[in-house]
Amino acid sequence: MVILDGGMGRELQRSGAPFRQPEWSALALSEAPEAVVGVHASFIAAGAQVITSNSYAVVPFHIGEERFAKEGRQLANIAGQLARHAADVAAHPVKVAGSLPPLFGSYRPDLFQPERVAEVLSPLLQGLAPHVDLWLAETQSSVAEVRAIHAHLPEDGKPFWVSFTLQDEEVDDTPRLRSGEPVADAIEAVVGMGVAAVLFNCSQPEVIGAAVDVARSVIERHNADVAIGAYANAFPPQSKEATANDGLDELREDLDPPGYLAWAADWRKRGASMIGGCCGIGPEHIAELKHNLS
């Protein structure tokens, strides 16, 4: 079992670091970089074996077009440096995943702009590349988003992980991405890309188990060497009109560390071998996972 980290943004907020919308976690890269290292360190101390660079909000959607054009690559570089430092001084081996976020807005496949992918993705790749051990396209709402990112990855031999976000408001018997595409189709697509791992994140824990089942089925059918992982959020269901850079969602009280562990243990039984947390899941949750699942 590989233990992943938890959500950066809410931990920055909880630590008293500068934190607001629409900049989200990107604000601390320039105003309080030591706080970012502190959050990475707290997840590592809790048992995380993989930490994710704080580059999720380094996109125009969060920091604005003008600032991104001027500082995007520099901020991505800082995010990579801070994560690398935290990993290098850790007491146990820690890998750094380079976060490649939804380039045009979380949960909103309708906002995807294929003609701008290179413009927005390139500064992230260039800034992060010297510091990360693998690439993680996370919170992806559609196969098109992932195909676009995959097409622009450097040929550096680093593993490529893909993490999809799932419909968790209007659900039926078929696990689906927020685009409405069946999870089975998405897994077929990424297995064809040669991914090293497929994960599900930034969705309610209730919808992840069925997605893990589908992923395992497709991967086994292809006899592919692809790991499965999960890291849910602690948000209520997110609507199709969600604006992920406007305001802060409340966190669910039932997803305390023991409550979250119960879901994680179920994902492990279903075939997930990489588990952590997303928004609202803190070091105390990761410590619970480490203690009980490792």
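Please read these numbers as outputs of a predicted model, since none were measured by experiment. (Residues numbered from 1 in each chain as written. Predicted model: local features only at pLDDT ≥ 70, side-chain atom pairs only at ≥ 80, totals over all residues. Heavy atoms only, no water.)

Novice: Sorry, what's going on with the overall build of the chain here?
Specialist: When helices and strands are tallied, the chain shows 11 helices and 8 strands. For 294 residues, the compact-globule estimate of 2.2 N^0.38 gives 19 Å, and the chain sits close to it at 17 Å. A burial count over the chain gives 57% of its 294 residues as buried. Put simply, 78% of the contacts in the chain that link residues at least 6 apart link residues at least 24 apart. Accessible surface for the chain amounts to roughly 11,600 Å². Of this, 49% is attributable to carbon and sulfur atoms. Across the chain, the centroid of the 22 positively charged side chains sits 4 Å from that of the 39 negatively charged ones. (Helix = DSSP H or I, 4+ residues; strand = E, 2+ residues; numbered from the N terminus. Rg over C-alpha atoms; globule rule 2.2 N^0.38 Å. Buried < 20%, exposed > 50% of the residue type's maximum accessible area, 1.4 Å probe, protein only. Contact = heavy atoms within 4.5 Å. Areas by Shrake-Rupley, 256 points an atom, 1.4 Å probe, with all protein chains shown as cover. Lys, Arg positive; Asp, Glu negative; His and termini not counted. Charge placed at Lys NZ, Arg CZ, Asp CG, Glu CD.)

Novice: So what exactly am I meant to see when it comes to the sheet that holds strand β7 (residues 227-231) here?
Specialist: Strand pairing within a sheet occurs via backbone hydrogen bonds; the two strands may be parallel or antiparallel. Taking strand neighbours across the sheet as the criterion, the 8 strands line up as β1-β8-β7-β6-β5-β4-β3-β2 in an open arrangement whose pairing is parallel. Every interior strand has two partners, whereas the edge strands, β1 (2-3) and β2 (50-52), have only one. Relative to strand β4 (residues 134-140), strand β3 (residues 95-100) runs parallel, the two sharing 4 bridges. Within the sheet, the bridge partner assigned to Ala97 lies in β4 and is Leu134. (Pairing = 2+ DSSP bridges.)

Novice: Looking at this structure, how should I read the environment of Ile208?
Specialist: Note that Ile208 resides in helix α9 (residues 208-222). Residue classification places Ile208 among the buried residues on the basis of a relative accessible area of 0%. In this structure, the C-alpha to C-alpha distance between Ile208 and Gly229, residues 21 residues apart in sequence, is 9.8 Å. Setting aside anything within four residues of it in sequence, one finds Ile208 in contact with Leu166, Phe200, Ser203, Ala230, Ala232 and Trp267.

Novice: Even after reading the chapter, I still don't get the side chain of Glu11, so can you show me in this structure?
Specialist: Along the chain, the position of Glu11 falls in helix α1 (residues 8-15). Assessed through its relative accessible area of 11%, Glu11 is described here as buried. Once residues within four sequence positions are removed from consideration, Glu11 is found in contact with Val39, Phe43, Gly282 and Pro283.

Novice: Just checking my understanding: could you explain the pairing of strand β6 (residues 197-201) for this structure?
Specialist: It is a general feature of regular strands that their side chains alternate between the two faces of the sheet. In terms of burial, β6 is largely enclosed, as 5 of its 5 residues are buried. In β6, alternate side chains face the same way, and those of Ala197, Leu199 and Asn201 on one face and Val198 and Phe200 on the other are all buried. Of the crossover connections in this fold, the one passing from strand β5 (residues 160-164) over helix α8 (residues 183-193) to the parallel β6 is right-handed. The pairing of β6 with β7 spans 5 bridges and is classified as parallel. (Right-handed = clockwise from strand over helix to strand, strands pointing away.)

Novice: Which parts of the structure should I look at to understand the UniProt feature "binding site: Zn(2+)" (unreviewed entry) in the chain?
Specialist: With numbering aligned to this structure, UniProt lists the feature "binding site: Zn(2+)" (unreviewed entry) at Cys202, Cys278 and Cys279. In sequence the annotated residues extend across 78 residues, while in space they remain close, none of their C-alpha pairs exceeding 6.8 Å. Assignment of secondary structure puts Cys278 in the loop between β8 (274-275) and α11 (283-293). Judged by its relative accessible area of 10%, Cys278 falls in the buried class. Among all residues touching Cys278, those that are not within four sequence positions of it are Gly6, Gly7, Asn201, Cys202, Tyr231, Ala232 and Asn233. Residue placement: Cys279 occurs in the loop between β8 and α11. Ignoring anything within four residues of it in the chain, the contact list for Cys279 reads Gly7, Cys202, Asn233, Ala234 and Phe235. (UniProt positions renumbered as here; feature names shortened; annotations may be inferred.)

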